[in-house]
Amino acid sequence: MNKPKIARPEESQPAHAVWFDRKKYVTVNFKVQKPKNVRVDIQREKLVLCCKNDEDDVIYNELYFYDLIDFNDSRERVYDRTVNFLLRKVKPDVAWPRLQKDPAAKPGWITVDFDNWRDWENEEDDGKEEYDNYMDMIQELGSRNTGVAPDMGDLFDSD
């Protein structure tokens, strides 16, 4: 199934995008007020978004990814204020240090979504270390000779 290519309109502007990385997916959210006539082209190496906002401004974004994505398992969803993309990575468990392929390209319309960002690369290791520290603390507390256990008989009222 070949989709028609989306040509860049002459009078257009980019939508602001925020993104964050996960183990299997990359999420990109384009901020567009009341998007309409939304056209999307998701490919292995790039994404194209073209639409109009509530003021009939033409929005156009073309984004070449840092790495390849599985376009068959990637989705977009249109909301009142955003067009959201969930893009499945071809190489899961590989962190993307940036969204775009070109390290020199730093467009002003792309920012990191720090509210949703997680440093997941060491997530399992950090959890194991925390668990090991907890177990060491429990063993240390259990091995201490703290004396005679207190009498707790006075905790219950016989009234």
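Predicted model only: the values in this text are computed from it and were never measured.

Comments concerning unusual backbone geometry
Positive phi, close to 45 degrees, is recorded for Lys34, a residue that is not glycine. Note on placement: Lys34 falls in the loop between β2 (25-31) and β3 (36-42). Although it is not a glycine, Asn37 sits at a positive phi angle of roughly 55 degrees. A relative accessible area of 57% places Asn37 in the exposed class.

Quick word on the sheet that holds β3
Strand order in the open sheet formed by three strands is β3-β4-β5, and the pairing between neighbours is antiparallel. The outermost strands of the open sheet, each flanked by one partner alone, are β3 and β5 (58-64). Adjacent strand axes in the sheet meet at a mean angle of 5 degrees, parallel and antiparallel pairs treated alike. Summarising the sheet, β3 and strand β4 (residues 46-52) pair through five bridges and their orientation is antiparallel. Across the sheet, Lys36 pairs through a bridge with Lys52, a residue of β4.

Digging into the side chain of Asp21
By secondary structure assignment, the location of Asp21 is in strand β1 (residues 16-21). Relative accessible area serves as the criterion here: at 1%, Asp21 is assigned to the buried category. Separated by 2.5 Å, the side chains of Asp21 and Lys89 make a polar contact. Side-chain polar atoms of Asp21 contact the backbone nitrogen of Trp96, separated by 3.0 Å.

Overview of the environment of Asp113
Inspection of the secondary structure puts Asp113 in the loop between β8 (110-112) and α1 (123-143). Spatially, the C-alpha atoms of Asp113 and Asn29 are 9.1 Å apart, while their sequence positions differ by 84 residues. Ignoring any residue separated from it by four or fewer positions in sequence, one finds Asp113 in contact with Val18, Trp19 and Phe20.

Considerations on the packing of aromatic side chains
Across all of its chains, the model carries five aromatic pairs by this definition. Centre to centre, the rings of Phe65 and Trp96 are 6.3 Å apart; their planes meet at 45 degrees, and the pair counts as tilted. With a gap of 31 residues between them, Phe65 in the loop between β5 and β6 (69-78) and Trp96 in the loop between β7 (82-89) and β8 connect regions that are remote in the sequence. For the pair Phe65 and Trp96, a shared accessibility class is recorded, and that class is buried. Among the aromatic residues, those joined into a ring-pair cluster are Phe30, Phe85 and Trp109.

Some remarks on the state of the cysteines
Here the structure, examined in full by the defined rule, presents zero disulfides. Cys51 supplies the cysteine sulfur nearest to Cys50, a cysteine that is in no disulfide, at a spacing of 6.8 Å.

Some remarks on the sheet that holds β6
Pairing is mixed in the open sheet, where five strands are placed in the order β6-β7-β2-β1-β8. Edge positions in the open sheet fall to β6 and β8, since each of these has one partner strand only. For this sheet the average axis-to-axis angle between neighbouring strands, irrespective of direction, equals 20 degrees.

Description of the nonpolar core
Counting 23 residues, the largest nonpolar core has Val28, Phe30, Leu47, Phe85, Leu87 and Leu99 as the members making the most contacts within it. Going through the elements one at a time, β1, β2, β3, β4, β5 and β7 are the ones with two or more residues in this core. Setting aside residues no more than four positions away along its own chain, Phe85 makes contact with Val26, Thr27, Val28, Asn29, Phe30, Val40, Ile42, Leu47, Leu49, Arg75 and Glu76.

Analysis parameters
- Residues numbered from 1 in each chain as written.
- Predicted model: local features only at pLDDT ≥ 70, side-chain atom pairs only at ≥ 80, totals over all residues.
- Heavy atoms only, no water.
- Helix = DSSP H or I, 4+ residues; strand = E, 2+ residues; numbered from the N terminus.
- Buried < 20%, exposed > 50% of the residue type's maximum accessible area, 1.4 Å probe, protein only.
- Pairing = 2+ DSSP bridges.
- Axes fitted to C-alpha atoms, helices over the stretch in contact; angles between N-to-C directions.
- Polar contact = N/O pair within 3.5 Å; in protein donor to acceptor, adjacent residues only side chain to side chain.
- Contact = heavy atoms within 4.5 Å.
- Phe/Tyr/Trp six-rings, centres within 6.5 Å; stacked < 30°, edge-to-face > 60°.
- Disulfide = S-S within 2.5 Å.
- Core = buried A, V, L, I, M, F, W, Y, C linked by side-chain atoms within 4.5 Å.

These figures come from the coordinates and say nothing about function on their own.
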